[in-house]
Amino acid sequence: EEKSSDDIKLIDDSWYAENNIRLSLNEKVISLDAEKRTLLSDKGIAREYDMLVFATGSVPFFPRVEGMDAENVLAFRTQHDLEKIQRLAQTSKHAVVIGGGRLGLEAASGLRKLQVGVTVVNREPWIMQRQLDATAAGLLQNLLQDQGMAFRSGTTASRFSVEENSVVAVELDSGESLAADMVLV
């Protein structure tokens, strides 16, 4: 069953009205005049604004790695993804999370709460490199390690070992092999 965006809203629609915010979903801005503070949507609706926020969404990045199309390689973006991850976690002992940014760490934390062992693989020298300096990242990593997470930084997945359409190990460019019952990207 496919979930709608209403199923995963963090804020009720009434909040926007109470805060004098006009929320327009599933519309694209096709022209914008910043001097006049007006825009035109793809639905032909012209609007004036005082302040404008674009929420553009995102698309998960899947590295080009052999075995990426296995059934237990998952993104972490939608309600459907979350439900599949929760189902798979029931029978998984260890997961590998590709990416040590905010979303990767949130996914890893969620898996730990589901009693799944987790190794975060991060190509950057330290986790959350865009948000934290090396010292702060080290402190955060120590805290997360105390919660049971493992880390491999400065390396990336070079290949997924697949058996019967499921990843069983993640091969790193450092030469290390990590056992995996699921991979989150």
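Above this text you will find the structure in question.
Computed from a predicted model, the values in this text were never measured in an experiment.

A word on the overall build of the chain
Then, in step 1: If you tally the helices and strands in the chain, you get four helices and 11 strands.
Then, in step 2: Taken over the C-alpha trace, the chain has a radius of gyration of 20 Å; the compact-globule value for 185 residues is 16 Å, which it surpasses by more than 25%.
Then, in step 3: Referenced to the eigenvectors of the C-alpha coordinate spread, the extents of the chain come out at roughly 55 × 45 × 30 Å.
Then, in step 4: Long-range pairs, those at least 24 residues apart, make up 48% of the contacts in the chain between residues at least 6 apart in sequence.
Then, in step 5: Separation of charge centres in the chain, based on 20 positive and 28 negative side chains, amounts to 2 Å.

Details of unusual backbone geometry
Then, in step 1: For Met-128, which is not a glycine, the phi torsion comes out positive at approximately 45°.
Then, in step 2: The exposure class of Met-128 is buried, given its relative accessible area of 15%.
Then, in step 3: Unusually for a residue other than glycine, Asn-165 sits at a positive phi of about 65°.
Then, in step 4: Topologically, Asn-165 is positioned in the loop between strand E8 (157-163) and strand E9 (166-172).

Considerations on the sheet that holds strand E11 (residues 182-184)
Then, in step 1: Here five strands make up an open sheet; going across it, the order is E4-E11-E5-E6-E7 and the pairing parallel. Across the chains shown, the open sheet's two edge strands, defined by having one partner strand only, are strand E4 (73-74) and strand E7 (149-153).
Then, in step 2: Sheet analysis places strand E5 (residues 94-98) next to E11, joined by three bridges and oriented parallel. Residue Val-97 lies in a different strand from E11, and its bridge partner there is Leu-184.
Then, in step 3: Sheet contacts for helix H2 (residues 79-89): E4 and E11; angle to E11, the most-contacted strand, approximately 150°.

A word on a nonpolar patch on the surface
Then, in step 1: Side chains of Ile-11, Trp-15 and Ile-21 sit close together on the surface and give an oily, nonpolar patch of about 240 Å² of accessible area.
Then, in step 2: As for its position among the elements, Ile-21 is in the loop between helix H1 (13-18) and strand E1 (29-33).
Then, in step 3: Overall, the relative accessible area of 38% leaves Ile-21 in the partly exposed class.

Details of the nonpolar core
Then, in step 1: The biggest cluster of nonpolar side chains holds 20 residues, and the ones touching the most others in it are Val-97, Leu-105, Leu-111, Val-120, Phe-151 and Leu-184.
Then, in step 2: Secondary structure elements with two or more residues in this core: H2, E5, helix H3 (102-113), strand E6 (117-122), helix H4 (134-146), E7 and E11.
Then, in step 3: It is H3 that contributes the most residues to this core, four residues altogether.
Then, in step 4: Once you skip the residues sitting within four places of it in the chain, Leu-111 turns out to touch Ile-85, Ala-89, Ala-95, Val-97, Val-116, Val-118, Met-182 and Leu-184.
Then, in step 5: In terms of nonpolar packing, the next biggest core, distinct from the first, is built from 16 residues, Val-65, Val-73, Val-96 and Ile-98 among them.

Comments concerning the sheet that holds E8
Then, in step 1: With antiparallel pairing, the three strands of this open sheet are ordered in space as E8-E9-E10. In this open sheet, the two strands that pair with only one neighbour each are E8 and strand E10 (177-179). Averaged over neighbouring strand pairs, the angle between their axes works out to 30° when direction is ignored.

Examining the pattern of salt bridges
Once the charged atoms of two side chains with opposite charge are near each other, the side chains can pair.
Then, in step 1: What the rule picks out here adds up to five salt bridges.
Then, in step 2: Across the pair Arg-102 and Glu-106 runs a salt bridge whose closest N-O atoms are separated by 3.3 Å. Taken together, the residues Arg-102 and Glu-106, both in helix H3 and four residues apart, mark about one turn of the helix.
Then, in step 3: Look at Arg-102 and you get exposed, because its relative accessible area is 52%.

Basis of the calculations
- Residues numbered from 1 in each chain as written.
- Predicted model: local features only at pLDDT ≥ 70, side-chain atom pairs only at ≥ 80, totals over all residues.
- Heavy atoms only, no water.
- Helix = DSSP H or I, 4+ residues; strand = E, 2+ residues; numbered from the N terminus.
- Rg over C-alpha atoms; globule rule 2.2 N^0.38 Å.
- Contact = heavy atoms within 4.5 Å.
- Lys, Arg positive; Asp, Glu negative; His and termini not counted.
- Charge placed at Lys NZ, Arg CZ, Asp CG, Glu CD.
- Buried < 20%, exposed > 50% of the residue type's maximum accessible area, 1.4 Å probe, protein only.
- Pairing = 2+ DSSP bridges.
- Axes fitted to C-alpha atoms, helices over the stretch in contact; angles between N-to-C directions.
- Patch = residues over 30% accessible without salt bridge, like charges linked within 9 Å, V, L, I, M, F, W, Y side chains within 5 Å.
- Areas by Shrake-Rupley, 256 points an atom, 1.4 Å probe, with all protein chains shown as cover.
- Salt bridge = Lys/Arg side-chain N within 4 Å of Asp/Glu carboxyl O.
- Core = buried A, V, L, I, M, F, W, Y, C linked by side-chain atoms within 4.5 Å.

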